[in-house]
Amino acid sequence: MAGCERTAVTGDMRSGNMIFEPILEDGVFRFDCSTDDRNAAFPSVSFVNPVDRETPISSDHRVPSYVPTFECVLGQQIVKIEFPYGTSFYGTGEVSGQLERTGKRVFSWNTDAWGYGAGTTSLYQSHPWVLAVLPDGGAVGVLADTTRRCEIDLRKEFNVKFIAQLSYPIITFGPFASPTDVLISFSRAIGTVFMPPKWSLGYHQCRWSYASDARVREIARTFREKNIPCDVIWMDIDYMDGFRCFTFDKEQFPDPKCLVDNLHQNGFKAIWMLDPGIKFEKGYFVYDSGSEKDIWIQTADGKPFVGEVWPGPCVFPDFTQSKARSWWANLVRDFTANGVDGIWNDMNEPAIFKTVTKTMPENNIHRGDDELGGCQIHSHYHNVYGMLMARSTYEGMKLADQNRRPFVLTRAGFAGSQRYAATWTGDNLSTWEHLDMSISMVLQLGLSGQPLSGPDIGGFAGNATPKLFGRWMGVGSLFPFCRGHSEADTNNHEPWSFGEECEEVCRLALKRRYRLLPHIYTLFYVSHTKGIPVATPILFADPEDPKLRTREDSFMLGPLLICASTQRDQELDDTQPRLPKGIWLSFDFEDSHPDLPALYLKGGSIIPVGPPYQHVGEANLTDDLCLLVALDEHGKAEGVLFEDAGDGYEYTKGGYLLTTYVAKLQSSVVTVSVSKTDGLWERPNRRLQVKLLLGTGAMLEAWGTDGETMQIMLPSENEVSNMVLASEKQHKSRMECAKIIPDVDNVPGHKGVELSRTPIVLQSGDWVLKVVPWIGGRIISMEHDPSGTQWLHSRVEISGYEEYSGTEYRSAGCTEEYSVIERDLEQSGEIESLKLEGDIGGGLVLQREISFSKDDPKVFRIESGIVARKVGAGSGGYSRLVCLRVHPTFSLLHPTESYVEFTSIDGSKHEIWPESGEQYFEGDLLPNGEWMLVDKCLRLALVNRFNKNEVFKCLVHWGAGTVNLELWSEQRPVSNQSPLQIAHEYEVISI
C-alpha cells in the first residue's frame, strides 16, 4: 500500500490525512481514511470496470500533489482538499446557476425539481465530482465515489469539501496539463458516452402531450410543409392506456406500428416514454409478470412498496437486481416491435406523489447484486436508480436489434449514466433566466462526463414569448442534444407557433445545425472514443486566462466558438464578444440574424459542413462535402471528419472513414490535402468545396474532388481588405433587413402566461429575494447568500410567499396584480425596501413592505396589512369579514431531516415533523413570538419572528418537498382606522 496513514483518533471522532494508492493510470490516486475504511467501502457503481478502483498499479511512483484531509464524526465522513490561490471550480453535475461554482453548495440527491431556480441545490442527477482549473491552466478532477447523499461545498475559496456517510474513497485525476486531459482520464474510469445514432443529433419535437396519432401526423406533416428540419417526434405519457407502461391507448393510438411506419416514410423517428411506476393491478400483464418474478422494491417489513404516481398506486422494479434488469430489458425488447426508435425514461429519481420527500421511504429495501453493494436500504441506491433503469432500457433495445444503436433519454442519472443514455436539464421554465442558465447547465454536465444533453428549448413550464422562443432556438440548436418540449395547458410551442418572424429564425437556426452535423457527429465520435466533451466552456480555448473562466454567454463545439445573447434587452449585434487570444474568424451561412448566435472558427482549424437537409435520412455519402478552413499565424490548419453508416456497430469493426485534412500556406498558395486516413471504408466519389475564411465573413471558395490535393491562390493584401470590407457591409445589411421578432409579454394562453416578465430582485445583506408584482405580489425566491441555501423557490403563478385576505385557501390577495408604490435603494436606515399594494375588492387593498435593515443585514422584514381604502358609509365604514393570512411555502432541501421547532406562550416545547401532518396552534400554544424551520443536514434554521399580539393562529402544513409556516391574524371587518396588520422577519442561524 502506498501512502502514509497519520490518523488522530479522539473518541468517536477521527481525523488526519487520507492514505493513498495509485490506480487506473499514471496521475490517478485513490484516497481513503484508513485501511479499514478502504476495505469497508462499497463497490463502485460509477466506474465502468469497478475492479479498476480496487486494483493498485505499480507503474506510478509519484506522490500526489494534493492530499485530502478527513474527519469522521457521527457516521459522517468530511473530506477537504485545498487548492492554490486563483483556482476555479466547475462540474458538480446537473446544477443550475453560475458556471464557475465557487461560493456554491449542492447536494447530490436525485430530486423531482419542477421549475427549479438558480439556487436550487438538488436536481434530477447526482455527480459528486469537481473539476478544479488551476491558476496556470492545469487541472485536477476530484470524485467522491459514493452513491449516498453527498454534500459538495465550494463556499470557501479554493477549497473543496465533501460530506457523506462513511466510508467512501476520494479519487483524484491529475494535476494534468489541461482540463481536457483531466476529462480524458476521468472517462477512462467512468466510461465514455455511448455512440449515438446520427439521427438522434437532429432536431426533436416533443410535447406533454400530442394526444392522438392524428395530431402526431399533423405535427410531422407541418414540419415538412414549412421546410423546418426535424428528425424525431416524441410521445409523452398520454399515449398509454391509463398510464400503464408498455400499453397503448386503443382510441387515440389504435395502431402504433402504422403510425411509426408513416413517420418513417416521411423521415421521422418515434420516441416513446416509459416510467418506472408499474400500476398495482392484478390482470395487468406487466404487474403480473413482475410479481411472479418477485422483482419489486420492498418496504422495511418485506412487502412490495406501493407509491402513487401517474397510474395511481404503483410498484417499482428493483433495478439493483440482475433478474429485474433482465425482466425489464425483455419487456423493452418486445415493446420495440411496435416500431419504437428510442425510449424516454422519466420520473426515475424515483419520483413519488403525495409525499413530503417526493420519493420513496429511505428505509425501503433493495435486494441488490453483490457487485453493486448487495442488499441495502433505498438511501444507498437512490441516486443510481435512474441510471440502472436507463441501463436496463439500453440493454433491452440492444436485445431487440443488434444492428441498431439504442437511443435512451433519462431524467435521473449518476456519474456513468452517459454509457447508456442522453439526458436533458429537466422541467425548466419559459423565462429569460432559464434560457441564460441553459448554457452553463449543458456545459457542467459535459464537464461531469455527460456530453449528450440539452434543455427543453423554449422552456417546459409556462408560455414562451416569440422573442424568448426564437432566441432560445438560436442557442439551443447548437447544443449537443436539441429538443423542444412544453407541458400541458400551455400554448403550442412548435417553431411555427409564434408568428412568421420567429418561425423564420427557427428555420434558419435548425438549418444551421444540420449544416454543422458532420462536425457535431465527428465530435461525438471523439467523445465516444476519448472522453472529450462535445460542448465546452470558452475557457478551454485558453485555460490560463482568468477572464474567460466566468463567461457564460459563449461555448465551443471543438474549435467552433458560439457567442450568444441570452439577455432579453440585448440583441447579438449590440454585443462585442471578448474572444480568446489567437486568431478567431467569423463566418455564417448567409443566415445572420440579430437573434442567432455569432460563429467563429479558431485559427489553425478545419471543420466539415454539409447541405441543409430536412432530416438526417436525406444525407448521402456522395453528397458534396464542404470544409471551412481558418489558418493560424503560421499559415496552417488541421481538422478531422468521421463518417460511417450513422447507425449500427460496423464502426467498431473498422467500418468507417476517419479523415484528417490539413491546409498550409506557402508563397501565397494554400494547399489543402488529406494527411491521414483510418478505417476500412473507401473514400466516396464526391465533390469537395473548400472555403478559406478571411475574417468578418469573407471567404475564398474553390472546388475539387475529395481526396485530391487542392490549391487556392491568395489575392493581394489590398484585395483581401476589400473582400473583408464588402463582407462587413453585406453582414450589416443582412442584420438591418432581418425581420425582427416582436418583443411582447402578453401571449394569449393558459397558465404561465407571464413567466417571461422579469421579477424584481432585492439584494441586501445576507439575502437575495425575487418578487413578481404582477401575480399576487408574491416572493418566488428567498436565497440566503452566506449559506448558499434557497429556502423558498416557486413557480411564478402559485406557491412561493403569498398572502390571503380570508381563512380559505387562495382567497383574494394571491392572484391580483400589485402596484409598486415605492422602491428605495437606501433610505431612512434601510438598505433596500419595496412597497407593494394590491386591490382585493370591496374597497380593500392588501399592502406589503419588504425591507432590509442597515443595522442587521442578516434579517429581512415584511410588514403587511389589509387596509380599508373605499369602504362606503352604507356599511358603517366597515368592510366584509377578512383575515390576513401569511402563506409562505418553504422548500425542504432534506425533507426527512427537517422539522419545525418552537416554544409556546405557555412554555411548552414543540418539534413538528413531516409525519405529523397539518397542525394549528393558537391561544397559549401559539409560538411565543418566533418559530424556526430546522434542517439537520445543513445544521441551519430559518427563524421567523413575529409580533404575537398581531398573530392569532399559526399553521404548519407539510407538502411534497415543502412546508407552509402560516401566520393568521384575527378575523374581523376593517375600517380606515382599524386595519389588520402582521409584521414579521426572517433570519438564518446555525444550530
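As recorded by UniProt, the Sequence similarities (unreviewed entry) comment attached to the chain reads in full: "Belongs to the glycosyl hydrolase 31 family."

**A short note on the packing of aromatic side chains**
Overall, the coordinates contain 56 aromatic pairs when judged by the stated rule. Pairing phenylalanine 223 with tryptophan 496 gives two aromatic rings, centres 4.8 Å apart and planes at 75°, and the pair type is edge-to-face. Here tryptophan 496 lies in the loop between strand E29 (482-484) and helix H11 (500-515) and phenylalanine 223 lies in helix H4 (residues 213-225), a separation of 273 residues in the sequence. We classify tryptophan 496 as buried; its relative accessible area is 18%. Ring centres of phenylalanine 587 and phenylalanine 589 lie 5.8 Å apart, and the angle between their planes is 85°; on these two criteria the pair is classed as edge-to-face. The pair phenylalanine 587 / phenylalanine 589 is uniform in exposure class, with both members buried. Just above the ring of tryptophan 109 sits the side chain of arginine 149; from NZ or CZ to the centre is 4.0 Å. When the ring centre of tryptophan 234 is taken as origin, the NZ or CZ atom of arginine 483, which lies over that ring, is 4.7 Å away.

**Details of the nonpolar core**
Most often, soluble globular proteins have nonpolar side chains that are buried together. Within the largest apolar cluster, 170 residues are counted, with the highest numbers of intra-cluster contacts made by Phe173, Tyr239, Trp272, Phe407, Phe555 and Leu557. Broken down by element, the residue count for this core peaks at nine residues, all from helix H8 (residues 378-400). Excluding its chain neighbours within four sequence positions, the residues that come into contact with tyrosine 239 are Thr247, Phe248, Asp249, Phe253, Trp272, Met273, Leu274 and Phe335. Ranked by size, the runner-up nonpolar core spans 53 residues in total, among them Val356, Ile779, Leu940 and Val956.

**Notes on the environment of glutamine 450**
Of note, glutamine 450 is situated in the loop between helix H9 (432-447) and strand E27 (453-454). On the basis of relative accessible area, glutamine 450 is assigned to the buried category, the value being 1%. The spacing of glutamine 450 and isoleucine 775 is 325 residues in sequence and 38 Å in space, taken between C-alpha atoms. In this view, glutamine 450 contacts Val193, Ser417, Gln418, Ala421, Ala422, Thr423 and Leu445; residues no more than four positions away in its chain are not counted. Polar side-chain contacts of glutamine 450 include one of 3.0 Å to the backbone nitrogen of leucine 452.

**Observations concerning the sheet that holds strand E19 (residues 307-309)**
If you walk across this open sheet you meet the three strands as E18-E20-E19, and the pairing is antiparallel. One side of each edge strand has no neighbouring strand; the edge strands of this open sheet are strand E18 (278-279) and E19. Relative to strand E20 (residues 312-315), E18 runs antiparallel, the two being bridged by two bridges. Paired with lysine 279 across the bridge in E20 is cysteine 314.

Rules and cut-offs
- Residues numbered from 1 in each chain as written.
- Predicted model: local features only at pLDDT ≥ 70, side-chain atom pairs only at ≥ 80, totals over all residues.
- Heavy atoms only, no water.
- UniProt positions renumbered as here; feature names shortened; annotations may be inferred.
- Phe/Tyr/Trp six-rings, centres within 6.5 Å; stacked < 30°, edge-to-face > 60°.
- Helix = DSSP H or I, 4+ residues; strand = E, 2+ residues; numbered from the N terminus.
- Buried < 20%, exposed > 50% of the residue type's maximum accessible area, 1.4 Å probe, protein only.
- Lys NZ or Arg CZ within 6 Å of the ring centre and 35° of its normal.
- Core = buried A, V, L, I, M, F, W, Y, C linked by side-chain atoms within 4.5 Å.
- Contact = heavy atoms within 4.5 Å.
- Polar contact = N/O pair within 3.5 Å; in protein donor to acceptor, adjacent residues only side chain to side chain.
- Pairing = 2+ DSSP bridges.

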